[in-house]
Amino acid sequence: MDGIPLRAGCSILAAACVLAVALSAPARAADPSIALILGVKGSPFDDALACGALDAAKKLGLHVDLFAPDHFTGESQAPVVDAVTARKPTITIISPADAYGVTRPLKQMAERGTKIITVDTVVADPSFVASDVITSNTDGGKTAATAMIEAIGGKGPVLVITNPPGSVAQDERAKGFEEGLKSAPGVTYLGPQYQNDDPQKAAEIVTSTLAAHPDLAGIFATNDQGAIGAITGLRQAGAIGRVKLVAYDSAAAEVNAFKNNQISVLIAQDPKREGEMSVEIAKKILDGQSVEKQVLADTVPIMSGDTAKADRYEYKSDCSLSY
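Please read all numbers here as calculations on a predicted model, not as lab measurements.

**Describing the state of the cysteines**
Here comes step 1: Throughout the structure, instances matching the rule amount to 1 disulfide.
Here comes step 2: Paired by a disulfide, C51 and C319 hold their sulfur atoms 2.1 Å apart. Measuring handedness by torsion sign, the sulfur bridge of C51 and C319 sits at about -90 degrees and is left-handed. Within this pair, whereas C51 is found in helix α2 (residues 44-60), its partner C319 is found in the segment after α11 (307-312), the two being separated by 268 residues in sequence.
Here comes step 3: Overall, the relative accessible area of 23% leaves C319 in the partly exposed class.

This is the structure:
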């Protein structure tokens, strides 16, 4: 064996050579991971948003993992954020259930290197967020106020049914509605009452308010669960049609109620497009491109009788979702 170069030994110790080459080869970078954390499981809005995100991911050659709490609260969503943090995703897209309840765990996730995109609503401290995909909820609330004033002839008491303070989107809708009512001095604003995403609670609010204010003229519900509960309460009180209902969102139950003249006006979003936009932004981040800090999605008022538009913007889950 004298005089044989060391490299020739590879023909004798082939396995060892292969191992040495493998160890010396540069490691292949792991595929980027994208997590989408929804506000809550089973919400028509969130389901449509998820389908939009999955559609965009498929077109762009990306993969998105879905996560969601069982209840629409920051307290329920925070542990989900912690679990996703442990997975160390490259990018997390989240629809925050509470502006304050998930800020801390999301900030910790960002500090570990994950890029954060919020969709539909924002967090209290957006300094660590790469981009927000939102609608102008304040403007949506003002649009609802204009529709309400017209529906009730510019006079009478009106009520807002919304979630407890903390959901920035719904807080802004209620605020915009209150501001919009100032143009109608004949309207008495009874203020907000809180249903915590519970239709039964919303129904109870309606019946108790009608007992105290039998001349109630209108109700503004800031989301689909409030609207569905409000319809139940109005039906129980025999006030369907007499009390005008303006509702945010366009879930299937709301669209059906709209077609049956139980809801006067819908203020719809396009959650599927919001999901698509959030993944498109994620792709730009992965490609090293700059992204806008805030991207606005459309809000669409659907006036009485416009069933075609109601069908167009109905929140639909047209894909298979797996958590």
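**With respect to the packing of aromatic side chains**
Here comes step 1: Overall, the coordinates contain 4 aromatic pairs when judged by the stated rule.
Here comes step 2: Each ring, one from F177 and one from F220, has its centre 4.6 Å from the other, and the planes form 25 degrees; the classification is stacked. Taken together, the residues F177 in helix α6 (residues 168-181) and F220 in strand β8 (residues 218-221) connect sequence positions 43 residues apart. Each member of the pair, F177 as well as F220, carries the same accessibility label: buried.

**Here we look at the side chain of Q77**
Here comes step 1: Following the sequence through the fold, Q77 ends up in helix α3 (residues 74-86).
Here comes step 2: Residue Q77 is classed as buried on the basis of its relative accessible area of 0%.
Here comes step 3: Polar contacts involving the side chain of Q77 include one to the main-chain carbonyl oxygen of L38, which spans 3.0 Å.
Here comes step 4: When near neighbours in sequence (up to four residues on either side) are disregarded, Q77 contacts I37, L38, G39, P69, I94, S95, P96, A97, D98 and V102.

**Comments concerning the layout of surface pockets**
Here comes step 1: Its volume calculated, the largest pocket comes out at about 290 Å³.
Here comes step 2: Around the largest pocket, the lining comprises 22 residues; the ones closest to its centre are S43, D46, F72, Q170 and N223.
Here comes step 3: Classifying every residue of the lining of the largest pocket by side-chain character gives 6 nonpolar, 9 polar and 7 charged.
Here comes step 4: Quantified by volume, the second largest pocket comes out at close to 210 Å³.
Here comes step 5: If you trace the second largest pocket, you find 14 residues lining it, with A151, K244, S264, V265 and S304 closest to the centre.

Cut-offs applied
Residues numbered from 1 in each chain as written. Predicted model: local features only at pLDDT ≥ 70, side-chain atom pairs only at ≥ 80, totals over all residues. Heavy atoms only, no water. Disulfide = S-S within 2.5 Å. Helix = DSSP H or I, 4+ residues; strand = E, 2+ residues; numbered from the N terminus. Buried < 20%, exposed > 50% of the residue type's maximum accessible area, 1.4 Å probe, protein only. Phe/Tyr/Trp six-rings, centres within 6.5 Å; stacked < 30°, edge-to-face > 60°. Polar contact = N/O pair within 3.5 Å; in protein donor to acceptor, adjacent residues only side chain to side chain. Contact = heavy atoms within 4.5 Å. 1 Å grid on protein atoms, 1.4 Å probe; cavity = no way out; pocket = protein on both sides within 12 Å on 5 of 7 lines; lining within 4 Å. Points joined across faces, edges and corners; volume = space filled by probe spheres on them. Nonpolar A, V, L, I, M, F, W, Y, C, P; charged D, E, K, R; others polar.

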